[in-house]
Amino acid sequence: MIHRDPTLHAPFLKALGEAALALCAEKSWAEVSLLSLCQEAGKSLAACAEAGITRFSVTEYLDQMLDRAMLEAVADLEAEAPSRDRLFDVVMARFDAKQDQRAAWVSILEADAQEPAAGFARAARRLRTAAWALEAVGISTDSLKATARVLGLARRLRKMEALWLKDDADLSKTMAGLDQTLRESEEWVDRGEKLADFLKSGSLRRTRSKAADEHSPEDPQA
């Protein structure tokens, strides 16, 4: 297969993504081949290969569309609300978007759970989602302290996805679980930031000690 950058073919991916949602509403994602996606979308498999698009590319695109829905919710946030409340709202916007295609997403997530490679890919995507969610509420993610926040939120998002699979139409379980886990995460983040401060201060002490040794006068000769 020819490997090209699939992101250069957004309309093609959009068509295949819509085909995936339609097919997965009726069958397991594990039973949906790239050929069947192309046939459903009215595209050729040869063009798909030329574009470098795979089944992973399609689920990656669909996942990015959920992130987009999450980020579009930023416009509706109350600027003065606590960051935890705003984070709750943007993450729930992502689940609301997923709920609109619930049957298809249940099919995709359940199939991914049976495929290690897909599971690893989804775990990596949750790191991206977590970073964007934090940025959406004004929390920077480009520092050592932020790494603890991203890792913690990504882990919790994966737990919430598992809870969403068992939830009812009103998403009451997901909302309650998300509210609780965000409250708990504040304590986890505090511990992570303290560890980051400790590591940073230790590094500074070692740097200063080394600099002092380099500039200290030599011992007088006996």
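Residues numbered from 1 in each chain as written. Predicted model: local features only at pLDDT ≥ 70, side-chain atom pairs only at ≥ 80, totals over all residues. Heavy atoms only, no water.

Caption draft 1: Representation of the packing of helix H5 (residues 83-99) against helix H7 (residues 116-136) within the structure. Interhelical geometry of H5 versus H7 gives an angle of 135° and a closest axis separation of 9 Å. On the basis of their axis angle, the class for H5 and H7 is oblique. The chirality of how H5 crosses H7 is right-handed. Facing Leu 87, Val 90, Val 91 and Arg 94 of H5, the residues of H7 in contact are Arg 126, Thr 129, Ala 133, Leu 134 and Ala 136. For the contact of H5 with H7, the class distribution of residues is 6 nonpolar, 1 polar and 2 charged. (Axes fitted to C-alpha atoms, helices over the stretch in contact; angles between N-to-C directions. Helix = DSSP H or I, 4+ residues; strand = E, 2+ residues; numbered from the N terminus. Parallel < 35°, antiparallel > 145°, perpendicular 65-115°, else oblique. Left-handed = near helix turned anticlockwise from the far one by under 90°. Contact = heavy atoms within 4.5 Å. Nonpolar A, V, L, I, M, F, W, Y, C, P; charged D, E, K, R; others polar.)

Caption draft 2: Structural view of the nonpolar core. Grouped together as the largest cluster of nonpolar side chains are 50 residues, with contacts concentrated most on Trp 29, Leu 37, Leu 87 and Val 90. Considering each element in turn, this core owes the most residues, 8 residues, to helix H1 (residues 10-24). Apart from residues no more than four positions distant in its own chain, Val 90 is found in contact with Met 70, Val 74, Leu 77, Ala 133, Ala 136 and Val 137. (Core = buried A, V, L, I, M, F, W, Y, C linked by side-chain atoms within 4.5 Å. Buried < 20%, exposed > 50% of the residue type's maximum accessible area, 1.4 Å probe, protein only.)

Caption draft 3: How the structure looks around the pattern of salt bridges. On inspection of all chains with the given rule, the structure shows 16 salt bridges. A salt bridge links Lys 14 to Glu 18; the nearest nitrogen and oxygen atoms lie 2.6 Å apart. Linking Lys 14 with Glu 18, this pair stays in helix H1, spanning 4 residues, or about one helical turn. A residue is classified by how much of its surface remains accessible, and Glu 18, at 45% relative accessible area, is partly exposed. (Salt bridge = Lys/Arg side-chain N within 4 Å of Asp/Glu carboxyl O.)

Caption draft 4: View of the environment of Ala 93. Mapped onto the fold, Ala 93 is located in helix H5. In this structure, the C-alpha to C-alpha distance between Ala 93 and Val 74, residues 19 residues apart in sequence, is 9.4 Å. Once residues within four sequence positions are removed from consideration, Ala 93 is found in contact with Ala 69, Met 70 and Ala 73.

Caption draft 5: Structural context of the confidence of the model for the chain. Residues of the chain with pLDDT of at least 70 account for 81%, and the chain-wide mean is 87. Predicted confidence in the chain is weakest over helix H9 (residues 172-215), with a mean pLDDT of 72, and strongest over helix H2 (residues 34-41), with 97. (pLDDT = per-residue confidence, 0-100.)

Caption draft 6: Inspection of H1 at higher detail. A rise of 1.5 Å per residue sets the reference length of H1, with its 15 residues, at 21 Å; its end C-alpha atoms lie 20 Å apart and thus fit the reference within 8%. Contacts made by the buried residues of H1 are with H2, helix H3 (45-51), helix H4 (55-72) and helix H6 (102-113). (Expected span 1.5 Å × (residues − 1).)

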